[in-house]
Each structure stands twice: as structure tokens, then as C-alpha cells.
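Residues per chain, in single letters:
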Amino acid sequence: MNTVTRPRILVVGAGFAGVECVRRLERRLSPHEADVTLVAPFSYQLYLPLLPQVASGVLTPQSIALSLRRSSKYRTRIIPGGAIGVDLKAKVCVVRTITDQIVNEPYDYIVLAPGSITRTFDIPGLTDNAFGMKTLAEAAYIRDHVISQLDLADAGQDPAERASRLQFVVVGGGYAGTETAACLQRLTHAAVKRYNRLDPSLIKWHLIDIAPKLMPELGEKLGRDAQEVLTRRGIEISLGVSIAKAGPEEVTFTDGRVVPTRTLIWTAGVVASPLIATLGAETVKGRLAVTADMCLPGHDGVFALGDSAAVPDLAKGQEGAVCPPTAQHAMRQGRHAAENLIATLRNQPMRPYVHKDLGLVVDLGGTDAVSKPLGVELKGLPAQAVARGYHWSALRTGVAKARVAANWTLNAVAGDDFVRTGFQARKPAKLKDFEYTDAYLTPEQVREHVRGADRAEL
């Protein structure tokens, strides 16, 4: 078969779901069966669960950025950019490249795995003054920022300024927020010993969440154990509380407290990528409504999975249950969607996705952790061994595993380094500057752009 007649498979997103799908397609499809193209802004897969350890300096950024071109057998064409719209009828994906060029990418089959973005609310000053924890750049920047606050507080003379620089607020009592607060508190606790002019008691960490419990998915006991660990370290936990207003030098809580701070880290959940809204298709709480085989009803050749799709969770046996947006589901959905796509190409029946959750792990840094593998509740060193063992085994390449293991060993033996790299030191680096939520088109704009491109070709 020549290249003109080969089916064109377009995969959107290089997260857990998208990368696993591409890898399975490459392994199971011969080169003459289909052309595979991946749309991704970066040529790496980010291992998100370890992002808090990058922010705290335990791991280097490169160690959790897994190159997409590492395999010598890699044959997928990568378009460096982000999908900003999809015309399902015309079977065209509109892509904004990293040079801001807008191009149309036609397809025969499309796998939508654009992931998620940080969930925000209409809180005055939030997107202008809060940091996110969703990208590698944000994690690297936050580390620099936190260390810079210690440097400035140590050099400063104004007690009020010093107090505001030494208070840190993390919003979100889920896994991301809890691990971020835990890891960064350990960083500042270790760093302050090198600052002779700073009183360690002035460093205060706040972890707040509107929910009544910390990490409720872990269950009553483990959630309480995690809270006790953080409280023992000096982290002030406030539940049933959120942010009323955020400013550059202070944050107002919904209970009326005003906390002077230069560091507000927002990790209050995620929502599906804005790309989903460009489709004009049915959604479930913002996620694309798909069948159990991850197909979009009414549209042939369209698959959706990962954080952006509401994939029915058949393993729970509950009406309306959907898979949570976790890495373990995304990875398995990616492989399963690839198998279903291959079955479609070969006129074979598709299979529904079924996966029973393997459990949850929460690394609180050092020897502290809580884990629930296969329903078994663990804390302390056993939980830490399970948490790090799970993350290490889930890393896709041997090079990444070696780097992470070496980083963990070096950190355990030599401790932390408190170096500011100056990454984007004089550039805006808040929530609004990293997630590019204003880059997406409306469904009408997508259709008009595709029609306009067709007319231009004529």
C-alpha cells in the first residue's frame, strides 16, 4: 500500500494515555498498516505524580521528563504544538504549533487524550497571583521562588516583609496539594539551617481545602494519619476553608483570616482540557461522554480517554460510575484504546475497558508516606517503600528509572542543595502564564477555520 491510501491515525496529547496508546500502536501495527501522528507541545512524557519532588529538589526536572524519541523503533511523526479545535464532521484537527502557526491536520482516526488543566474558580486575584503545579516549568519555578523567599527574607530588614516571605499557602487537600506542601515544607525546614539570620519559627506552611477531610479517597484512618504527620511537622491544616481573595502580598481565607504571603500554590483539582469544549459533543462534568470501549457515540473513528473522557468504570458495578482521572487508569486506557483501534482497522470486535483500581500511594517525603495498595493500609517506611516502588516501576524507560533511583539515593545520603537557577526569574510565572487556556477556539471558529482552509485550497 502507498502512503496515500494508508489510514491516518492522529493521537492528541503526550500524557500517560496518549503515549501508551502510541507505543501500543507502534508495536502492534506494521508500518504499512497506518501512519501515526502525535500532537504534543513537548517531545517528552511528564511523569506527573513525582512533580512535587521536582519542586522540592529531590529529583531533577530531566529525571521525570521521559523522551518520546528514546526508542530506536520510534516512527511516529510528532507535531510540536497543541490541538486547539477539532471538526468531527470534516475529520480535521486544528493545531497551534510552538511557533504560533495554525495548521490543519486531517485524520481518519483520532485518539483524544489531551489531559486536564488546573481547575480554577472566579476568585479575585487568583490567576494573577497563584502558582500552579501542573507542568515541569511550574515545578522548577516554584523551587526557585521558594528559595528566593528565604534569600530575600534573610537579607531584608523589614519584619513585616520578612514575615510575608516566610509564610506559604497551598490550596488543595488532594494528593497533589498534600504532597506539594509536605515536600516543600521539608525543603524549607532543611534550608533554614543554612540561614543564620532567620528564626525557624517564622517559617509557616498552610494547607487548606474546602473539603471536610484530607484525601478522603484514602479512607478515614489513612487520611487522619497523613494529617497527623503534616501537623507534627508544623504544617497548619485548615479544612472547610478556601480562598476569598488573593493579592501579591497577602491572601484572604473564606473564614476571614488574612495571611501575609508571597507564595500561593493552587492545586485544587483538575478539569478536562478546553479542547473538549470545541467538539460540541455531550460531556459529563466537563469530560467527554464515551462508551465503555472509549468511542464517541455518533462519530466513527473517534476515541477519547484519560482525564478528558468520562470512561465508564465497569469494575465498580455502579450505574453512572466513571473512571477517576488517575495515572493508572490513563496508562491502561491508552493501551486498551490502541487495541480497540487496531481491532477496528482489522474489522475485529472491540472490547470494553475494565480495570480494578490497584490502590493509592502518597509520598510525604523522607520516611513518611501513606499507601493503600490493593486495599491494604500502610504508613511510614512500608508505605514509603510501596509508594516509591510503584512510581519507579511505572517509569517508562530504563534511563528514567536510573536517574530517579540515583536522585533518591543522592538526596538520602547528601541531603538537599539550596540553589536558585534563576529560571524565568524576571518573567511572569503564575497560573495564567502556563496553561494557555485562552488559546482554544469555539466550535464555530473551528468550523469556519476548516472551511476557510478548504476554500483557499480551491
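Residues numbered from 1 in each chain as written. Predicted model: local features only at pLDDT ≥ 70, side-chain atom pairs only at ≥ 80, totals over all residues. Heavy atoms only, no water.

- Labelled according to an unreviewed UniProt entry, the protein chain appears under the name NAD(P)/FAD-dependent oxidoreductase, originating from Streptomyces marokkonensis.
- Database annotation for the protein chain, UniProt heading Sequence similarities (unreviewed entry): "Belongs to the NADH dehydrogenase family." (UniProt positions renumbered as here; feature names shortened; annotations may be inferred.)

**Remarks on the pairing of strand 12 (residues 235-239)**
Side-chain direction in a regular strand flips from residue to residue, so the side chains alternate between the two faces of the sheet.
Okay, so step 1: Here strand 11 (residues 204-209) runs beside strand 12; their pairing, made up of five bridges, is parallel. Along strand 12, the bridge assignment pairs Asp209 with Leu239.
Okay, so step 2: Crossover strand 11 to strand 12 through helix 7 (residues 220-232) is right-handed. (Pairing = 2+ DSSP bridges. Helix = DSSP H or I, 4+ residues; strand = E, 2+ residues; numbered from the N terminus. Right-handed = clockwise from strand over helix to strand, strands pointing away.)

**Focus on helix 6 (residues 175-191)**
The α-helix winds at 3.6 residues per turn, so residues separated by three or four positions along the chain end up facing the same way.
Okay, so step 1: Given a rise of 1.5 Å per residue, 17 residues ought to cover 24 Å, and the 24 Å separating the end C-alpha atoms of helix 6 matches this to within 8%.
Okay, so step 2: Most of helix 6 is tucked away, with 12 of its 17 residues classed as buried.
Okay, so step 3: Buried within helix 6 we find Gly177, Thr178, Glu179, Thr180, Ala181, Ala182, Cys183, Leu184, Gln185, Leu187, Thr188 and Ala191. (Expected span 1.5 Å × (residues − 1). Buried < 20%, exposed > 50% of the residue type's maximum accessible area, 1.4 Å probe, protein only.)

**Quick word on the packing of helix 9 (residues 381-394) against helix 10 (residues 398-414)**
Okay, so step 1: Where helix 9 meets helix 10, the axes come as close as 9 Å, and the angle between the chain directions of the two elements is 150°. Classified by the interaxial angle, the pair formed by helix 9 and helix 10 is roughly antiparallel. Judged by the sense of rotation from one axis to the other, the crossing of helix 9 with helix 10 is right-handed. Packed against helix 9, whose contacting residues are Arg388, Trp392 and Ser393, the element helix 10 presents Lys401, Ala405 and Trp408 at the interface.
Okay, so step 2: A per-class count over the contact of helix 9 with helix 10 returns three nonpolar, one polar and two charged. (Axes fitted to C-alpha atoms, helices over the stretch in contact; angles between N-to-C directions. Parallel < 35°, antiparallel > 145°, perpendicular 65-115°, else oblique. Left-handed = near helix turned anticlockwise from the far one by under 90°. Contact = heavy atoms within 4.5 Å. Nonpolar A, V, L, I, M, F, W, Y, C, P; charged D, E, K, R; others polar.)

**Overview of the sheet that holds strand 16 (residues 263-266)**
Within a beta sheet, neighbouring strands are joined by backbone hydrogen bonds and run either parallel or antiparallel to one another.
Okay, so step 1: Overall, parallel pairing links the four strands, which are arranged 12-11-10-16 in an open sheet. With partners counted over all chains shown, the strands left at the sheet margins are strand 12 and strand 16, one partner each. Neighbour to neighbour, the strand axes of the sheet diverge by 15° on average, direction disregarded.
Okay, so step 2: Examined bridge by bridge, strand 10 (residues 167-171) and strand 11 share five bridges and lie parallel to one another. Paired with Val170 across the strands is Leu207, a residue of strand 11.
Okay, so step 3: Where helix 6 meets the sheet, it contacts strand 10, strand 11, strand 12 and strand 16, and its direction lies at approximately 175° from that of strand 11.

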